[in-house]
Every structure is written in structure tokens, then in C-alpha cells.
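Descriptive structure summary
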Amino acid sequence: MTQLLQRRMSAEQTIKDLEALYTETMKSTAAFRSRISDKYSRIRGLIEEDESLMVKMVDSEEVFISEWLEAQRQVLEEQIKETDSLRSTSKSLIQETNDLIFLQRITAHGLGRTLDLPPLREMEKQICSPEKLRTIERLVDDLTLALSQHFPRMWSYLRALTLDPSTAHPQLLVSQDRQQVRWGTQPSAGAPGSGRLDAQYSILARESFSTGRHYWEVLVQEKPFWLIGTTTGETGFQEGGPTKGLADQKKASWCVYHGDGQYLACHDAQETLLSVGSRVVKLGMMADLQQGALSFYDADTLTLLHRFRVPCLEPLYPMFNPCINMNNLNTQPLTLFCLRDADRSRSVGGGAAGTSQSPS
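Since the structure is predicted, the reported quantities are computational estimates derived from the model, not experimental observations. (Residues numbered from 1 in each chain as written. Predicted model: local features only at pLDDT ≥ 70, side-chain atom pairs only at ≥ 80, totals over all residues. Heavy atoms only, no water.)

Here we look at the overall build of the protein chain
Assigned secondary structure in the protein chain consists of four helices and 16 strands. Across the 360 residues that make up the protein chain, the buried fraction comes to 31%. Taking the intrachain contacts of the protein chain between residues at least 6 apart in sequence as the baseline, contacts between residues at least 24 apart amount to 70%. Carbon and sulfur atoms make up 53% of the accessible area of the protein chain, which totals about 23000 Å². (Helix = DSSP H or I, 4+ residues; strand = E, 2+ residues; numbered from the N terminus. Buried < 20%, exposed > 50% of the residue type's maximum accessible area, 1.4 Å probe, protein only. Contact = heavy atoms within 4.5 Å. Areas by Shrake-Rupley, 256 points an atom, 1.4 Å probe, with all protein chains shown as cover.)

Examining the pattern of salt bridges
When their charged atoms lie close together, side chains carrying opposite charge are able to pair. Enumeration over the complete set of coordinates arrives at nine salt bridges. Here Arg-138 makes a salt bridge to Asp-142, at a shortest N to O gap of 3.9 Å. You can see Arg-138 and its partner Asp-142 sitting in helix H4 (residues 131-148), four residues apart, about one turn around the helix. Asp-300 serves as the salt-bridge partner of Lys-282, at 3.2 Å between the closest nitrogen and oxygen. Remark: Asp-300 occurs in the loop between strand E12 (293-298) and strand E13 (303-309) and Lys-282 occurs in strand E11 (residues 282-288); sequence separation between them is 18 residues. (Salt bridge = Lys/Arg side-chain N within 4 Å of Asp/Glu carboxyl O.)

Some thoughts on the sheet that holds strand E3 (residues 203-204)
Taken together, six strands build an open sheet; the order of strands is E3-E14-E5-E8-E9-E10 and the sheet is antiparallel. Each edge of the sheet is formed by a strand with only one pairing partner; in this case those strands are E3 and strand E10 (270-274). Alignment of E3 against strand E14 (residues 317-321), held across two bridges, turns out to be antiparallel. Bridged to Leu-204 within E14 is Met-319. (Pairing = 2+ DSSP bridges.)

Considering the environment of Ser-156
Mapped onto the secondary structure, Ser-156 falls in the loop between H4 and strand E1 (172-175). Measuring from C-alpha to C-alpha, the distance between Ser-156 and Arg-213 comes to 9.5 Å, with 57 residues separating the pair along the chain.

Here's the deal with unusual backbone geometry
The bulk of non-glycine residues show a negative phi, and the bulk of peptide bonds are trans. A cis amide bond links Phe-151 with the next residue in sequence, Pro-152, at an omega value of -5°. Examined against the element boundaries, Pro-152 turns out to sit in the loop between H4 and E1. Here Gln-221, not a glycine, exhibits a phi torsion of approximately 55°, which is positive. Turning to its location among the elements, Gln-221 is positioned in the loop between strand E4 (213-219) and strand E5 (225-231). When its relative accessible area of 27% is taken as the criterion, Gln-221 is described as partly exposed. Here Asp-268, not a glycine, exhibits a phi torsion of approximately 55°, which is positive. With respect to the helices and strands, the residue Asp-268 is situated in the loop between strand E9 (262-267) and E10. The partly exposed category is assigned to Asp-268, whose relative accessible area is 39%.

Looking at the packing of aromatic side chains
Two measures describe an aromatic ring pair: the distance that separates the ring centres and the angle between the ring planes. Using the criterion set out here, one finds four aromatic pairs in the structure. Ring centres of Trp-226 and Tyr-263 lie 6.1 Å apart, and the angle between their planes is 65°; this geometry places the pair in the edge-to-face category. Placement of Trp-226 in strand E5 and of Tyr-263 in strand E9 is noted, with a sequence separation of 37 residues between them. Between Arg-153 and the ring centre of Phe-151, over which it is positioned, the NZ or CZ distance is 4.8 Å. (Phe/Tyr/Trp six-rings, centres within 6.5 Å; stacked < 30°, edge-to-face > 60°. Lys NZ or Arg CZ within 6 Å of the ring centre and 35° of its normal.)

Remarks on a nonpolar patch on the surface
Taken together, the side chains of Phe-32, Ile-36, Tyr-40, Ile-43, Ile-47, Leu-143, Leu-147 and Phe-151 define a hydrophobic patch exposed on the protein surface, amounting to about 690 Å² of accessible area. Broken down by secondary-structure element, the contributors of at least two residues to the nonpolar patch are helix H1 (2-94) and H4. For the nonpolar patch, the element with the most residues is H1, which contributes five residues. As for its placement among the helices and strands, Phe-32 is situated in helix H1. (Patch = residues over 30% accessible without salt bridge, like charges linked within 9 Å, V, L, I, M, F, W, Y side chains within 5 Å.)

Side note on the nonpolar core
Within the largest apolar cluster, 37 residues are counted, with the highest numbers of intra-cluster contacts made by Val-218, Ile-228 and Phe-320. Examining the composition of this core, we find that three residues originate from one element, E11, more than from any other. When neighbours within four sequence positions are excluded, Val-218 is seen to be in contact with Ile-228, Val-281, Lys-282, Leu-283, Met-285, Phe-320, Leu-334, Thr-335 and Leu-336. Grouped together as the second largest cluster of nonpolar side chains are 10 residues, Cys-255, Cys-266, Tyr-317 and Met-319 included. (Core = buried A, V, L, I, M, F, W, Y, C linked by side-chain atoms within 4.5 Å.)

Observations concerning the state of the cysteines
Counted according to the given criterion, the structure contains zero disulfides. Left without a disulfide partner, Cys-255 is nearest to the cysteine sulfur of Cys-266, which lies 6.6 Å away. For Cys-255, a relative accessible area of 2% corresponds to the buried category. (Disulfide = S-S within 2.5 Å.)

Notes on the pairing of E14
Every other side chain in a regular strand lies on the same face of the sheet, so the side chains alternate between the two faces. Here E14 lies mainly inside the structure; five of its five residues are buried. Covered by surrounding structure in E14 are Tyr-317, Met-319 and Asn-321 together with Pro-318 and Phe-320, the residues of both alternating faces. With five bridges joining them, E5 and E14 adopt antiparallel strand pairing. Across the sheet, residue Thr-231 finds its bridge partner in E14, namely Tyr-317.

In C-alpha cells:
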């Protein structure tokens, strides 16, 4: 009885610790949300201020050129008026028969000098050149290019995957919301080891990808063993073992395996030891089928772990292997991550749906 009481007290204390951690996490998340929102507000302010400045520069350039052209037009109109006046005077002088009076009137009206009516000079035309406007547009293009280095974010391609129980090994447990999978039963003494390269212990997503860019994340927590990646074939299981797909050697797979702190990049029977600085809690995968690349990331830091070159000849299916739970040391599930609304109801441990054993 004493042992049971102590176990109960320990569980109650653990619940209190979880509640405290939940409260602390919510406060921390709210603080991050506020700071990030404030930083985006400042970015929008800077962009709007820069846009206002550039538009004012364009408007000012337009006003300056318009005023200059108007001034030039007025000068030319005055010259036209002067020319018309001289022409009118010239006509009246032609009718003058007295030579003395004719000469006096020519001198008085300045008709004896050369008229100073120069054409528009090339330098003046250059004032109307759109060179400054081109410079303004170039500066905006430079800003666009600088921003485009960060956009679209990898998370812009985040896909909401759903596990397909029909592709799962009979000993895998799949949550009711199809977002979690774990090893369901203690293996027999004759069962294989961690099952890291035995892909028949996997489950696929319902979704497959043939073109475009697609990103997804998986919470691996502190699982000592897991195998996550993609494969080119569907799977199906019946009593007695796999019927097709992952066990078929004609199907290709590209995965990252974690086993007791070591990370391996696995392509079919080929393995490459990876150098990973810190333990991965969330694994991110980016399938860029336009470039024929499959990349694995530490999803929290967006640190690249490994990149495969993938021939885009067949659809790629996301694949998840929680690996065998040997001696109850690998009990944690693999959990798919997706975007969720901030106002969605929250509760400690409430995010995990109940599990049901996949059909055998």
C-alpha cells in the first residue's frame, strides 16, 4: 500500500510540474508572439516609409520636369510673340516710301540686328531624361531582391499530412486523428533489433508528391530510435508480412535514421554517418521536386542535416518508422506537425488523440 501511495503522490507531483511547465510555456509563447508581431510592424513601417519616400521622389521629379518644360514653353511663346510683332512691323515698313523714315524705324525696332532665337539644346533635353526614375526603380528592385532571399519561407510549403493506417505494420498503433504513430506491442525474443533499416515496420502518409515543393515536420522527442524519410512505393500488409511496397527491393527510399545519438543518411542499402551538433527534437523534410532534391533539417533551428538528389520518376510518399520498442525504451510516438490556429483550445496532454491498433 505504501508503495502505491508513493506512486500516486509522485504522479500528482508530475502533473503539477506539467501544469507549471504549461503555464510557463504559454507565457513564453505569448512573449515571443508579441515580439515577433512588433518586429513585423516595424518592418511594415520601414517598407511603407521607404515606399512613401520613393513615390515622393517620383512625384518631385515629375513636378520639376513639368515646371522646367512649362518655363521653356513660356520662353518660346514670348519668342513667338516677338517674332510675330517683328513680322507685323516688317510688313508696315515695306510700305514706307520715305527712305529716311524707313531707316529710322528699322533702327528703332532693332530689325537691323540678327535675331537671337536658338533651338533647344541637347543639354536641356537631358533634363527630361528618366535616368533618376530608373535609379529609383533599381533601388526598389534591389530591395525586392534582398527580401526575396528570405521568401517564400520554407514553412510556406508546410503540408498537413495524414497517416494511412492501411500501410502500417500490424504492430504499429495509429492515433484516431492520424497524426501519431508508435510501436504497439513488446516484440518477441526472436524479433529483429531496432528495425532501423527494416522499412516494413513503417507507415506512409496518405499524401504523395510528384511535382512542386513540399515541406513537413515530425516531432521525434527523445526517442532513441526512429527512421523517417520518403519512398517511391505504396505499402500494404496482411497477416504473414508485407505484400508489396517497402519490402519490394524495386522501391527506392531516402531516410534519416537515429539510433542512440547517431544519425545516418540512408538510401536503400547505402548509409552515410551524419555530423549533428545537437539532438534533433523535430525533424523537417523539404521535397523540392523541381530541383530533384530531398533535404532534412533540424526543424527548430532550420539547420541542414543532409540533402539527397532524388530522381522524380515516381510519386514520393512520406514514410515514418517509430522502430521497435525494445525493453520499453522507445515508447514515444512520432507526431506530425501542422499549422494550427492560436485560439484553438489547449490542454496539457490534450493534443494527442487516442490510439487504435492498425488492422492486420
